[in-house]
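Okay, here's what each chain looks like letter by letter:
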Amino acid sequence: MSDQEKILRAVDELGDEAVAFAAEMVRIPTVNPPGEAYDDCARLIGDRLARGGFAVEYLDAEGSPEHTAAHPRVNVVGTREGTGGGALLHLNGHFDVVPAGAGWTVDPFGGVILDGRLYGRGSCDMKAGLAAAVYASEALRRAGVTLPGTIEISGTVDEESGGFAGVAWLAEHGRVAHGRTDYVIIPEPLNVDRICIGHRGVYWFEVIVHGRIAHGSMPFLGVSAIEHMGNVLEAFRTDLMPVLGARETRMPVVPPGARRATLNVNTIIGGQANVAIQSPCVADRCRAVFDRRFLIEEGFDATSAEVVALLERTAARFPDLRYELSDLMVVHPVQAPEGSVLVASLQRSIQAVLGRAAPLIASPGTYDQKHFARIAGVEDCVAYGPGILELAHQPDEWCGVKDIVDATKVLALTALDLCRRPRA
Ligand SMILES: [Zn+2]
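Since this is a predicted model, take the numbers as computed values, not measurements. Residue numbers run consecutively from 1 along every chain, following the written order of its sequence. In view of the model being predicted, local features appear only for residues whose pLDDT reaches at least 70, and side-chain atom pairs are presented and counted only at 80 or more, with totals across whole chains, interfaces and linings using the full set of residues. Only hydrogens and water are set aside; all other atoms, that is, all heavy atoms of the structure, feed into the side-chain values.

Caption draft 1: Region of interest: helix H2 (residues 38-51). Between the first and last C-alpha of H2 there are 20 Å, a value that for 14 residues agrees with the 20 Å anticipated at 1.5 Å per step. Only protein chains enter the accessibility calculation, which uses a 1.4 Å probe. A residue is then buried if its area is under 20% of the maximum for its type, exposed if over 50%, and partly exposed in between. Strands here are runs of E lasting at least two residues and helices are runs of H or I lasting at least four, both read from the DSSP assignment and numbered beginning at the N terminus. Those residues of H2 that sit buried are Tyr38, Cys41, Ala42, Leu44, Ile45, Gly46, Arg48 and Leu49. Downstream of H2 by a residue or two, Gly53 has a phi angle that is positive, lying close to 90 degrees. Expected span of a helix, by definition, is 1.5 Å for each gap between consecutive residues, and there is one gap fewer than residues.

Here it is in structure tokens:
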């Protein structure tokens, strides 16, 4: 029997354990914000890795503002050394989940398995993926396969809020790094038969418009910040949106609508606080937060300059329009390199397990690939994992049991292939 056959048989034998492990993680409500029960989930993952022959480290995100006594940011990294000389494959999953929200028909933290589906907040995004990574390595061990290369598995925090105390922290502290880490797979739920090679850029900015307060019965004596914010929004709508809608990336972003450059007004707050009783005043302040998703072809500098130019033009048209622009967050676009060994290896594994060719896609949103690529300098990084993308963050989130088993097989075959290669 070939090593591949031994591994696939091992996954069939341990599939129930992998699903039960994912359910066990779902029962730990690692809700972010604020970052509940991280330590419990890190220990659960670490204990499982230790039983599978991994050396386990718990890495508190010391020095990061999110790491507090009430809500410690605990990351876990397991390393299983190969026999020597082979590539290092790092499998990373975040174990934080977004709040359950309303509309559930099952207990969001019950880890319920029903009709071939594991239900619960984080089942799809992405505790099933973490379980698949852990049990892919376990299948290699139980199949008795030896590898020259090393497998690392990390469970990290805060991806849902930017990943700064999670993967970014590991990258800043050299725990994942170019020259040490050859390949990274993040088993995010991008569907079990697709490979996600990267994502668009994100530019969050804030515009504050300042007016002048006056009595609301004589508004002509003041300057309304809300009216001027209306002028700003109108300029974005008429001058910028048509231009953005005409730009399309060559990256295979899904859904296709997200191949265009986009702009969303995330927040708008103006005038007096949202209280029941107000006094009559002209609004002297209005704040809006914008979420601009930019394309790899646009780049950040041109994206930013375009916003500045538009605001300047608008202010020139309205002499008493005073505004401030601040950058809140910039995430640069990332994309795995053309001809990536990692992508080709995953494609072969998906073909072998599912019997079909895996399309390459890019994500409409962002995820921790940015930190691996931009901080750690590990460009050979993709997302591949079980679960249906559209179910993430929804009520009654679920992940198919068969998906978990299939993804475990794909990851195990890919690890076999990559860890038998020399270091990249
Ligand atoms: Zn996720």
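Caption draft 2: Representation of helix H7 (residues 341-354) in the model. In this model, H7 (14 residues) spans 20 Å end to end at C-alpha, consistent with the 20 Å of a helix rising 1.5 Å per residue. Contacts made by the buried residues of H7 are with strand E7 (183-186), strand E8 (195-199), strand E14 (360-363), strand E15 (381-383) and helix H9 (401-418). Two or three places before Leu342, at the opening of H7, Ser340 has a side-chain oxygen 3.2 Å from that residue's backbone nitrogen. Gly355, located one to two residues past H7, shows a positive phi value of around 70 degrees. We call two residues in contact whenever any of their non-hydrogen atoms come within 4.5 Å of each other. Counting of polar contacts relies on pairs of N or O atoms within 3.5 Å, with two restrictions inside protein: one atom must be capable of donating a hydrogen and the other of accepting it, and residues adjacent in sequence are counted only when both atoms are side-chain atoms.

Caption draft 3: Examining the sheet that holds strand E10 (residues 262-270) more closely. In space, the 4 strands of this open sheet follow the order E10-E11-E9-E12, with antiparallel pairing throughout. Each edge of the open sheet carries a strand with a single partner, namely E10 and strand E12 (322-331). For this sheet, the mean angle separating the axes of adjacent strands, direction not counted, is 15 degrees. Two strands are said to pair when DSSP picks up at least two bridges between them. With 9 bridges joining them, strand E9 (residues 201-210) and E12 adopt antiparallel strand pairing. Residue Phe205 lies in a different strand from E12, and its bridge partner there is Asp327. Helix axes are fitted only over the stretch in contact, all axes being lines through C-alpha atoms; the angle between N-to-C directions runs from 0 to 180 degrees. Against the sheet, helix H6 (residues 300-317) touches E9, strand E11 (285-294) and E12, its axis set at about 165 degrees to E12.

Caption draft 4: Representation of the layout of surface pockets within the structure. Computed from the structure, the largest pocket encloses a volume of approximately 590 Å³. For the lining of the largest pocket, the secondary structure elements donating two or more residues are E9 and E12. Amino acid classes used here: Ala, Val, Leu, Ile, Met, Phe, Trp, Tyr, Cys and Pro are nonpolar; Asp, Glu, Lys and Arg are charged; the rest, including Gly, are polar. Taken together, the residues of the lining of the largest pocket sort by class into 12 nonpolar, 7 polar and 7 charged. In the cavity and pocket records, a cavity denotes points on a 1 Å grid over the protein atoms alone where a 1.4 Å probe fits but cannot get out, a pocket denotes an open set with protein on both sides within 12 Å along at least 5 of 7 lines, and lining residues are residues with an atom within 4 Å of a point. Grid points are joined across faces, edges and corners, and a volume is the space filled by probe spheres set on the points.

Caption draft 5: Just the coordination of the zinc ion, in detail. Here a donor is an N, O or S atom found within 2.8 Å of the metal, or within 3.2 Å if the metal is Na, K or Ca; sites may look incomplete because water is not among the atoms. On the protein side, the zinc ion has His94 (NE2), Asp125 (OD), Glu188 (OE) and Glu188 (OE) as donor atoms, found 1.9 to 2.7 Å from it. Irregular is the label for any site that misses the other tests, which are tetrahedral for four donors with all angles between 85 and 135 degrees, and square planar for four donors or octahedral for six when opposite donors exceed 155 degrees and the remaining angles lie between 65 and 115. Here the zinc ion is ringed by 4 donor atoms whose angles at the metal span 52 to 145 degrees, and the overall shape comes out irregular. If you list the donors of the zinc ion from N- to C-terminus, the spacing comes out as H-x30-D-x62-E. Here Glu188 lies in the loop between E7 and E8 and Asp125 lies in helix H3 (residues 123-142), a separation of 63 residues in the sequence. For the residue pair Asp125 and Glu188, the accessibility class agrees, reading buried in each case.

Caption draft 6: How the structure looks around the environment of Glu234. Inspection of the secondary structure assignment puts Glu234 in helix H5 (residues 225-245). A relative accessible area of 38% places Glu234 in the partly exposed class. Sequence separation between Glu234 and Thr314 is 80 residues, and the spatial gap between their C-alpha atoms is 9.5 Å.

Caption draft 7: Examining the packing of helix H1 (residues 3-26) against H9 more closely. Between H1 and H9, the shortest axis-to-axis distance is 9 Å and the interhelical angle comes to 140 degrees. Crossing of H1 over H9 shows right-handed handedness. Two secondary-structure elements touch here, H1 through Asp3, Gln4, Ile7, Leu8, Val11, Asp12, Gly15 and Val19 and H9 through Val401, Ile404, Val405, Thr408, Lys409, Ala412, Leu413 and Leu416. Less than a right angle of anticlockwise turn of the near helix away from the far helix marks a crossing as left-handed, whereas a clockwise turn marks it as right-handed.

Caption draft 8: Geometry of unusual backbone geometry. Looking along the chain, the bond that leaves Asn32 and enters Pro33 is cis, with omega of -5 degrees. Structurally, Pro33 is set in the loop between H1 and H2. With an omega of -5 degrees, the peptide bond running from Asp125 to Met126 counts as cis. Along the polypeptide, Met126 turns up in helix H3. A positive phi is found at Asn191, a non-glycine position, where the angle reads about 85 degrees. Mapping Asn191 onto the fold places it in the loop between E7 and E8. Of the residues examined, Asn191 reaches a relative accessible area of 17% and is grouped as buried. Of note in this structure, Asp396 is not a glycine but carries a positive phi near 55 degrees. Along the chain, Asp396 falls in the loop between E15 and strand E16 (398-400).

Caption draft 9: Region of interest: the nonpolar core. Residues Ile45 and Tyr384 are the most contacted members of the largest nonpolar core, which totals 97 residues. The dominant element in this core, judged by the number of residues it contributes, is H3, at 12 residues. Residue contacts for Ile45: discarding those within four places in its chain leaves Phe21, Met25, Val76, Phe95 and Leu130. Ala235, Ala261, Val307 and Leu310 belong to the second-largest nonpolar core, a separate cluster that totals 23 residues. Nonpolar core, defined: a set of buried Ala, Val, Leu, Ile, Met, Phe, Trp, Tyr and Cys residues in which side-chain atoms within 4.5 Å join the residues together.

Caption draft 10: Inspection of the packing of H2 against H3 at higher detail. As a packed pair, H2 and H3 sit with axes 10 Å apart at the nearest point and diverge in direction by 15 degrees. With respect to their mutual orientation, H2 and H3 come out roughly parallel. The hand of the H2/H3 crossing is right-handed. Here Cys41, Ile45, Arg48, Leu49 and Arg51 of H2 lie close against H3, whose contacting residues are Lys127, Leu130, Val134, Tyr135, Glu138, Arg141 and Arg142. Looking at the contact of H2 with H3, its residues break down into 6 nonpolar, no polar and 6 charged. Under this scheme an angle from 65 to 115 degrees is roughly perpendicular, one under 35 degrees roughly parallel, and one over 145 degrees roughly antiparallel; angles in between are oblique.

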